[in-house]
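Fold and contact review
This is what each chain is made of:
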Amino acid sequence: MFVFFYGENHMIKQVGVHAVVSLITYLVTIAFSFKAVKGLRVAQLFKKGHTFEIQVFLLFVSIALGFLVGQFILALVDQSLALKMLF
């Protein structure tokens, strides 16, 4: 009975650790993508004086790009951890 409870608690901790790692990964990749996207000259795509729209566009593009890169990194880590089940 104790072993079952210990195993269940261990599984809950793994889910919690995975959630924390995922959040940190997403925040870091979004921050890096924001720095990268700021280097683009997107102001030429918008009309003059629309700075709020430019900022919102940069934010959304950064979030989208950071999410995609974060998904790739997390999938790569998950798949590499799953390889140990092969052996």
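The rules we used
Throughout, a residue's number is its position along its own chain's written sequence, starting from 1. With pLDDT at 70 or above as the cut-off, local features in this predicted model cover only qualifying residues; side-chain atom pairs require 80 or more to be listed or tallied, and sums for whole chains, interfaces and linings still use all residues. Hydrogens and water are ignored here; the side-chain numbers use all heavy atoms of the structure. Side-chain rings of Phe, Tyr and Trp (the six-membered ring for Trp) are treated as a pair once their centres are within 6.5 Å; stacked means planes under 30 degrees apart, edge-to-face means over 60, and tilted covers the remaining angles. A run of H or I in DSSP becomes a helix once it reaches four residues, and a run of E becomes a strand once it reaches two; helices and strands are each numbered from the N terminus. Only protein chains enter the accessibility calculation, which uses a 1.4 Å probe; a residue whose area is less than 20% of its type maximum is buried, one above 50% is exposed, and one in between is partly exposed. UniProt positions are given in the numbering used here, feature names are shortened, and annotations may be inferred rather than shown by experiment. Surface patches are drawn from residues lacking salt bridges whose relative accessible area is over 30%; two like charges belong together within 9 Å, two nonpolar side chains (Val, Leu, Ile, Met, Phe, Trp, Tyr) within 5 Å. Residue burial considers only the protein chains on display, and all accessible areas are found by Shrake-Rupley using a 1.4 Å probe. Put simply, a salt bridge is a Lys or Arg side-chain nitrogen that is within 4 Å of an Asp or Glu carboxyl oxygen. Each helix should span, by expectation, one fewer than its residue count multiplied by 1.5 Å.

Before going further, it helps to spend a moment on the packing of aromatic side chains. Summed over all chains, the structure comprises 2 aromatic pairs. Look at Tyr 26 and Phe 67: their rings are 5.3 Å apart centre to centre, the planes differ by 25°, and that puts the pair in the stacked class. On the criterion of sequence distance, the pair formed by Tyr 26 in helix α1 (residues 2-38) and Phe 67 in helix α2 (residues 51-82) is long-range, its members being 41 residues apart. Take Tyr 26: its relative accessible area is 19%, and that puts it in the buried class. An angle of 65° between the planes, with centres 5.5 Å apart, marks the rings of Phe 46 and Phe 57 as edge-to-face. Note that Phe 46 is positioned in the loop between α1 and α2 and Phe 57 in helix α2, a separation of 11 residues in sequence. Taking the relative accessible area as the measure of exposure, Phe 46 reaches 26% and is therefore partly exposed.

Listed under "transmembrane region" (unreviewed entry) in the UniProt record, and renumbered for this structure, are residues 15-34 and 54-77. In the segment residues 15-34, helix accounts for 100% and strand for 0%; the C-alpha atoms at its two ends are 28 Å apart. Secondary structure content for residues 54-77 is 100% helix and 0% strand, while the C-alpha to C-alpha distance between its ends is 34 Å.

Here we come to a nonpolar patch on the surface. The grouping of Leu 65, Val 69, Phe 72, Ile 73, Leu 76, Val 77 and Leu 81 at the surface amounts to a nonpolar patch, some 610 Å² of accessible area in total. Tracing the chain through its elements places Val 77 in helix α2. Judged by relative accessible area, Val 77 falls into the partly exposed class, the value being 39%.

Taking 1.5 Å as the rise per residue, α2 with 32 residues should run 46 Å; its terminal C-alpha atoms sit 46 Å apart, in good agreement. Taken together, the buried positions of α2 are occupied by Ile 54, Leu 58, Ser 62, Gly 66, Gly 70 and Leu 74.

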